[in-house]
There are 2 protein chains.
Amino acid sequence: MASKSKFETLKGNMLIAQSGGPTVVINQSLVGAVLEARKHKGIQKVYGALHGIKGILNEDFVDLGKETVGNLNLVAQTPSSALGSVRKKPTPEDCAKLFPILQKYNIRYFFYIGGNDSAETTNIVYQEALKANFAFRCFHICKTIDNDLRQNDHTPGFGSAAKFVAQAFMGDNLDNRSLPGVKINVVMGRHAGFLTGASALARVFPNDGPHLVYLPERPFIMEKFVADVKGVYEKLGRCVVAVSEGIADESGTSIIAKHVKEVDSHGNIQLSGSGALGDILADAIRATGITRVRADTFGYLQRSFPGVTSEVDAKEARAVGSTAVKFAVKSHENGSVAIQRKKGKAYKVEFVRVPLESVAKETRHMPDEFITPAANDVTKAFIDYARPIVGKLPAVGRLKAVAVKKKG
Amino acid sequence: MASKSKFETLKGNMLIAQSGGPTVVINQSLVGAVLEARKHKGIQKVYGALHGIKGILNEDFVDLGKETVGNLNLVAQTPSSALGSVRKKPTPEDCAKLFPILQKYNIRYFFYIGGNDSAETTNIVYQEALKANFAFRCFHICKTIDNDLRQNDHTPGFGSAAKFVAQAFMGDNLDNRSLPGVKINVVMGRHAGFLTGASALARVFPNDGPHLVYLPERPFIMEKFVADVKGVYEKLGRCVVAVSEGIADESGTSIIAKHVKEVDSHGNIQLSGSGALGDILADAIRATGITRVRADTFGYLQRSFPGVTSEVDAKEARAVGSTAVKFAVKSHENGSVAIQRKKGKAYKVEFVRVPLESVAKETRHMPDEFITPAANDVTKAFIDYARPIVGKLPAVGRLKAVAVKKKG
């Protein structure tokens, strides 16, 4: 790395893009990066590529220098990738085409907002730049509601999605208490159970649901699930269940995988946008003779619902974007900006540069201490971990409900 | 009816209960009635029956006089029937058992919060009281997210559910714009399309979704649906669709009815708590060759999600509850409190007493002027009708997105 003063002299244009599943705060990161870029003379034009790598290959660029601060701040609080997203991993042929384009537009600063697949893409782009001996800085800006990026205590997008899930379960628990039965809710999260676990934040009063929580980190055994639900139902007369869309049997075969057809270009099976898993599980419970059984699949609302945003999440998403630009201008050629939690009682985080390859490819799972030994709930350690990221939930009450003595 | 002064002398206890599908503001009506009751000397004890008529038959009463105002106000803002609900219509045998119970507890004021089935129940209870020559006042307090009660401009619960649906479509439209494809969202509403129509409030910018809206008031023809979606997809490269769970074919057979088994004691088929309809429609679109097709069923979140409440709805739900008590104490033996809109530019409503039988049994549908001739969208008249009931939605923005000239 060059000395600091020399490091700061790289002049050229900037390009930023968004990839993968959108989140409610993904535009906070975009706007954080764009507004930070305006502070640095080395960054000349600020371009956005539409629909990620696809937009770079098509040279579909927009001039983000033409956006007012007011409109950018409105976009920042708007869910879902404002530049458009893509589920495309560049092939070697794509990469060969990328560099002439970047050179043509004199792109010297590149930022890619996304999950682990996007970190991998960013790394491929960087390696190509190295080979081409092209002076170039690039950063991955983390996001994912799944919260499954390595090196990160948590990722932007998770807190708001978790807030949605927690509020949804607060309401659904109240609904189930009012009209008792078995209610199964399927929550997003392909390989990591963090978002499904966030359902447990819904508990306020004794016997509040979710009463059972099934995570992709543990094998899902249908017989055990049915027995668990029957047990709760016999005790409470009702049962609310949180199930990850990614649950898999002991052989690792996803319960839903047998029922869907689509696979994206990263090899991921499409788990959302279908009610099949919930219906399969509900049928298994109905077979026991319990009659009022319902299943809902929360679906895309979890990652796109406006107005249910964790303040901490929004603030951190903005900071991750601006920090990426600072790092690229002042101190690092490449990397990913990770959120790491400081030790201590009060919730505090720092934003650190980590190597791209340390975030790319593999994902992170829930640590064992977050899952109960019975594999059907989360622990207090998880609640303590998640609560400050999610922030305040709506206040709900219960009647004192003093029973009137029956008259004989 | 007795003269006013004589009318106000009926002394006795009050019983209130909740029935049917819960709403986000149903406890506003409960608390409105309970707090109003405290102002009237004729009303002595204020009891709540747990789980509606079932709780009356079991004499499961709670003493609402033991609740603090602070806790009642917290309960008021909590979604879903705090007293518990029921989907039970009393049989003639139930009714024969009801009156000895009401007499035993000296219940002279009875309030039943619910939809049209509950108005019918209230009427049966009143008729039985008449036969028994039992001095008795009873009111139905309207609620239903379906917004399908006759005599009402709209009903408590609808505004908040409509707000949830509108926000959900705002987010989902942004998600679909970011990762284009066909997205189908199934919305609650057995016979009336008001809630599905509320999806149209999500539109902010040109070409915002939902692009198509299918209501139970018009026959659903699968071929026309597929052609409509293909048309939008070819024009915009994407398509967001709102579909009522209650859509039925030309013969009146519900599209979903063929796929579900449960029927409640009012003869209603269970349409929610299953992803089947969305999956059927998505498969029909996939058969055309469009690959990225998703379906979500919003499910119970629509009627239970805390923190997404229409302020107008909450205020009106409270007023309907307190007005029912005022009417029962001061001027009427029985009835249902209806919300009627005053003519004029500014949004204003009044709460009026209507006969129980005018609300019971049949439901109301969307009037023709709310549905476009092509039967795949709502009109501006509907938007103008719904907007003041739903209130303010979150602000969302779009990038100006000035295209950068491609370099040759």
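All of the points below concern the structure found in this document. Predicted model, so just to flag it, every value in this text is computed and none were measured. (Residues numbered from 1 in each chain as written. Chains lettered and ligands numbered in written order. Predicted model: local features only at pLDDT ≥ 70, side-chain atom pairs only at ≥ 80, totals over all residues. Heavy atoms only, no water.)

Summing up its helical and strand segments, chain A has 13 helices and 11 strands in all. For chain A, the C-alpha radius of gyration of 23 Å lies close to 22 Å, the compact-globule estimate for 408 residues. C-alpha extents for chain A along the principal axes are approximately 90 × 40 × 35 Å. Looking at the 408 residues of chain A, the share that counts as buried comes to 64%. Taking the contacts inside chain A whose residues are at least 6 apart along the sequence as the reference set, 77% of them involve residues at least 24 apart. (Helix = DSSP H or I, 4+ residues; strand = E, 2+ residues; numbered from the N terminus. Rg over C-alpha atoms; globule rule 2.2 N^0.38 Å. Buried < 20%, exposed > 50% of the residue type's maximum accessible area, 1.4 Å probe, protein only. Contact = heavy atoms within 4.5 Å.)

Another point: the relation of the copies chain B and chain A. Rotating chain B by 180° and translating it 0.0 Å along the rotation axis places it on chain A, where the RMSD comes to 0.0 Å. In short, the pair behaves as if placed about a two-fold rotation axis. Within chain B, the C-alpha atom positioned nearest to the axis of rotation is that of B:Gly275, 2.0 Å from it. Of the residues that chain B buries at the interface, 100% are likewise interface residues in chain A, meaning the two copies contact each other through the same surface. (Least-squares fit on C-alpha atoms with pLDDT ≥ 70 in both.)

Listed per partner, the contact involves 88 residues of chain B and 88 residues of chain A. Interface area for chain B against chain A, summed over the two sides, is near 6,600 Å², with a carbon-plus-sulfur share of 56%. Connecting chain B to chain A are four salt bridges. A salt bridge links B:Asp60 to A:Lys406, with the shortest nitrogen-to-oxygen separation between them at 3.2 Å. One can count 42 residue pairs in polar contact (both at pLDDT 80 or more) joining chain B with chain A. Among the elements of the structure, strand 3 (61–63), helix 4 (69–76), helix 7 (158–178), helix 10 (276–286), strand 9 (293–297) and helix 11 (301–304) of chain B are those that each provide at least two residues to the side of chain B that touches chain A. With 10 residues, helix 7 of chain B is the largest single contributor of residues to the side of chain B that touches chain A. Tallied by class, residues from the side of chain B that touches chain A come to 37 nonpolar, 26 polar and 25 charged. (Buried area = accessible area lost by both parts, 1.4 Å probe. Salt bridge = Lys/Arg side-chain N within 4 Å of Asp/Glu carboxyl O. Polar contact = N/O pair within 3.5 Å; in protein donor to acceptor, adjacent residues only side chain to side chain. Nonpolar A, V, L, I, M, F, W, Y, C, P; charged D, E, K, R; others polar.)

This part covers helix 4 (residues 69–76) of chain A. Residues and elements named next belong to chain A. Within the span of helix 4, buried status applies to Leu-72, Val-75 and Ala-76. The buried side chains of helix 4 occupy one side of the element, clustering within an arc of 105° when seen end-on. Buried residues along helix 4 sit against helix 2 (26–37) and helix 12 (311–330). (Arc of directions from axis to C-beta.)

What follows deals with the sheet that holds strand 8 (residues 239–244) of chain B. Residue and element names in this part refer to chain B. Ordered by their spatial adjacency, four strands build an open sheet running 7-8-6-9, and the pairing between neighbours is parallel. Either end of the sheet is taken by a strand with one partner, and the two such strands are strand 7 (212–214) and strand 9. Along the sheet, successive strands turn relative to each other by an average axial angle of 15°, direction set aside. As judged from the six bridges shared by strand 6 (residues 182–187) and strand 8, these two strands associate in the parallel manner. Paired with Val-182 across the strands is Cys-239, a residue of strand 8. (Pairing = 2+ DSSP bridges. Axes fitted to C-alpha atoms, helices over the stretch in contact; angles between N-to-C directions.)

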